[in-house]
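# Structural overview for review
Chain by chain, the residues run as shown.
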Amino acid sequence: MAASASSTMLLSSKTSRASLSWKNQLASTSAFGVPRVSLRHRSHRQCPRFIVLSMDAKPTVLVAEKLGEAGLKLLKEFANVDCSYNLSPEELCTKISLCDALVVRSGTKVTREIFESSGGRLKVVGRAGVGIDNVDLAAATEHGCLVVNAPTANTVAAAEHGIALLTAMARNVAQADASVKSGKWLRNKYVGVSLVGKTLAVMGFGKVGSEVARRAKGLGMHVIAHDPYAPADRARAIGVELVSFDEALASADFISLHMPLTPATKKVLNDETFAKMKKGVRIVNVARGGVIDEEALVRALDAGIVAQAALDVFTEEPPPKDSKLIQHENVTATPHLGASTTEAQEGVAIEVAEAVVGALKGELSATAVNAPMVPAEVLSELKPFVVLAEKLGRLAVQLVAGGSGVKSVKVTYGSARAPDDLDTRLLRAMITKGMIEPISSVFINLVNADFTAKQRGLQISEERILLDGSPESPVEFIQVQIANVESKFASAISDSGEIRVVGRVKDGIPHLTKVGSFEVDVSLEGSIILCSQVDQPGMIGKVGSVLGEENVNVSFMSVGRIAPRKQAVMAIGVDEQPSKESLKRIGEIPAIQEFVYLGL
């Protein structure tokens, strides 16, 4: 830390210099472990964003939505606390220039305008809960503001509500209650099903999912789970079997959803996936509404594929009053009550208050959800390689077959720079981000990347290859290898048996330059189709024609081959996602042996 928490705090350099009291010389690294820009020979415009101020003036924390008393007490011990609820966006923009921290729940939108209105003074936004959809993370990072949340305090409450919905659904509790209160006595109509011996598939084996699994085991259920990053030893300790996504759907009598809402999980339960389930399956969702295609669920309920659904979350909240899903007789619905216990609300308040106070003191936070400030010149130099690192991580993890668990990742950097001149922490964090974020609710950054990877049992090792040449460029290439997994695209397996992707930056743009043992050259600006084929004339034209008929624009096309007329890999960069029909037609081209679409 730059100075003792008991004597100093960090404030924006835009604060009037008349109020500043310099203490000891700033340490060589910031609170986030990032090298500071030297203060010598810099104009005022070029000074670092943070300087040290005497603690004579307490920081000000604006609490914009109701927070538990225990959390408020913690905040008041360290700062001046302004509890102002139900502010309009204009009122919030007016107040924020006088505040060092802002605490919100889900009802307040923390927009770019708010960060701009803060004049650089706002240093931390605390979200009392897990999701941060209401905070503009990009704007927060640009303005040097850390965003923290409270990801653990709701765990038990959400798990208990999931089990409550599971048991209530199985025994028709809500429907029977409404029937009795309407003066009826229909014992034969509301015969339920037993949980003992039934198979529960937990989709997403994180904090909440694993707690649901523990409780379901206590009810005598057989529990399976799907989660590409779930540690096998943790699952075994609970008595849970990890399976592929399709196996979980096909085997389950009950399905409990605990996955985050990401592009990869949006509407993951749809007409196609419902068709893979046992007839009469029962579904519980206390995660995010958007992971279910609600219209498809209504169709599945009407067809008897899904016998019942118990839902705490919806795509639109509150849902429309005339919603067919809500009104369906086989649906039990609650108004997003997963975290609504007295204990959970207090726990969230304490967790977010501790994170906000810690951030104001300059301490690291495992709950940080955006990147800390990095010196401008370092970020500028690494920017294209940061993009390359994240996209290589995304590519590599998408090449892993569904049932394989990613445990060991090796990253190799080729550079002409001495080790002391190349700090790879940010690059490693972005590879971790690319591999974990698409299927997780965790937001990866320099602060929490290593912690998050370790928590998920993901071992990331690094290797440097010292190259001859000019050290003008920080990195010549980055190679990502995933060991001990199966691949959905066999040609991505290298001679040594790992999934391998290699990339480099060309003219400021990241390129994929190697897949498995095949040399390719394709820009990573859009998405990619990889085809393994027999090398023969006309292949580029055949694939290009299929894409052209659907008006899918091809940005790059490259072929890597062992020898003429032998095995080859074609990499095609596309600006739009082709339809399933177009991809099917590509796969039906006789010389193509396998292919995969990789979204970036």
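Refer to the structure above for everything that follows.
What you see is a predicted model; the values in this text were computed from it and never measured. Note that residues are indexed from 1 along each chain, following the sequence as it is written. Note on the predicted model: pLDDT of at least 70 is required for a residue's local features to be given, and 80 or more for side-chain atom pairs to be given and counted; whole-chain, interface and lining totals, by contrast, use all residues. Computation of side-chain values: all heavy atoms of the structure, hydrogens and water removed.

## Focus on the nonpolar core
For clarity, the cut-off: Throughout this description, the term nonpolar core refers to a set of buried Ala, Val, Leu, Ile, Met, Phe, Trp, Tyr and Cys residues connected via side-chain atoms within 4.5 Å. Burial status follows relative accessibility: with a 1.4 Å probe on protein chains alone, a residue under 20% of its type maximum counts as buried, one over 50% as exposed, and anything between as partly exposed. Numbered from the N terminus, helices here are DSSP runs of H or I no shorter than four residues, and strands are runs of E no shorter than two. In what follows, a contact means two residues having at least one pair of non-hydrogen atoms within 4.5 Å.
Counting residues in each nonpolar core, the largest one holds 49 residues, and the members touching the most others are L399, V406, I478, I482, L512 and L530. Considering each element in turn, this core owes the most residues, nine residues, to helix α14 (residues 376–398). Every residue in contact with I478, bar those within four places of it in the chain, is listed here: F385, L388, A389, L392, V411, T412, Y413, I431, V501, V502 and G503. The next biggest cluster of nonpolar side chains, apart from the first, holds 30 residues, and it includes I224, L257, V268 and A300.

## Here's the deal with the sheet that holds strand β6 (residues 124–127)
Inclusion rule: Strand pairing is assigned whenever DSSP identifies at least 2 bridges connecting the two strands. The convention used is that axes are lines fitted to C-alpha atoms, helices contributing only their stretch in contact, and that angles between N-to-C directions extend from 0 to 180 degrees.
Taken in spatial order, the five strands make up an open sheet running β4-β3-β5-β6-β7, and their pairing is parallel. Of all the strands in the sheet, the pair left with one neighbour each is β4 (80–83) and β7 (146–149). Across the sheet, the axes of successive neighbouring strands diverge by a mean angle of 20°, strand direction being ignored. Two elements, strand β3 (residues 60–63) and β4, share four bridges in a ladder whose sense is parallel.

## Thoughts on helix α13 (residues 342–360)
Short version of the rule: By definition here, a helix of n residues has an expected span of 1.5 Å times n minus one.
Its 19 residues give α13 an end-to-end C-alpha distance of 27 Å, which sits within 8% of 27 Å, the value for a rise of 1.5 Å per residue. Listed as buried for α13 are A344, V348, A349, E351, V352, A353, A355, V356, V357, G358, A359 and L360. Of the residues one or two after α13, G362 is the one with positive phi, at around 90°.

## Overview of the environment of K276
Note the following rule: Any pair of nitrogen or oxygen atoms within 3.5 Å is treated as a polar contact; in protein, a donor-acceptor pairing is required on top of that, and neighbouring residues in sequence qualify only through side-chain atoms on both sides.
As for its position among the elements, K276 is in the loop between α10 (271–274) and β12 (281–285). For K276, a relative accessible area of 36% gives the class partly exposed. Between the C-alpha atoms of K276 and D246, which are 30 residues apart in sequence, the distance is 7.4 Å. One polar contact links K276 to D246, side chain to side chain, over a distance of 3.3 Å.

## Quick word on unusual backbone geometry
Cis peptide bonds are those with omega within 30 degrees of zero, and the linkage from E317 to P318 qualifies with -5°. With respect to the element layout, P318 can be found in the loop between β13 (306–311) and α12 (324–327). One non-glycine residue, N172, adopts positive backbone phi at about 55°. Here N172 lies in the loop between α5 (155–170) and α6 (173–181). What makes N172 buried here is its relative accessible area of 10%. Of note, the phi angle at H336 is positive, near 55°, even though the residue is not glycine. Residue placement: H336 occurs in the loop between β14 (331–333) and α13.

## A few points about the sheet that holds β13
The seven strands lie next to each other as β10-β9-β8-β11-β12-β13-β14, forming an open sheet whose pairing is parallel. In the strand order of this sheet, the two ends are held by β10 (241–242) and β14, each with one partner. Packed on one face of the sheet, helix α11 (residues 294–303) meets β13 and β14 and runs near 140° to β13.

## Topic: helix α18 (residues 580–587)
Condition: The arc under discussion is defined with respect to the helix axis, by the directions toward the C-beta atoms.
If you check which residues of α18 are buried, you get S582, L583 and I586. Within α18, the buried residues cover an arc of 100° as seen down the axis, which keeps them to one side. The elements touched by buried residues of α18 are β21 (527–534), α17 (539–549) and β24 (592–598).

## Things to note about the packing of helix α1 (residues 69–78) against α13
This is how it is decided: Orientation categories follow fixed angle ranges, with anything under 35 degrees roughly parallel, anything over 145 roughly antiparallel, 65 to 115 roughly perpendicular, and all other angles oblique. Left-handed describes a crossing whose near helix is turned anticlockwise from the far helix through less than a right angle; right-handed describes the clockwise counterpart. Gly falls in the polar group here, along with every residue not listed as nonpolar (Ala, Val, Leu, Ile, Met, Phe, Trp, Tyr, Cys, Pro) or charged (Asp, Glu, Lys, Arg).
It is the contact of α1 with α13, at a shortest axis distance of 7 Å, that shows an interaxial angle of 20°. For the element pair α1 / α13, the angle class is roughly parallel. Here α1 and α13 pass one another in a crossing that is right-handed. Of the residues in α13, those in contact with E69, A70, G71, L74, L75 and F78 of α1 are E346, A349, I350, A353, E354, V356, V357 and L360. Among the residues making up the contact of α1 with α13, the classes are represented as ten nonpolar, one polar and three charged.

## Some words on the side chain of H226
Looking at where H226 falls in the secondary structure, it is placed in strand β9 (residues 222–226). In terms of polar contacts, H226 uses its side chain to reach the backbone carbonyl oxygen of V243, at 3.1 Å.

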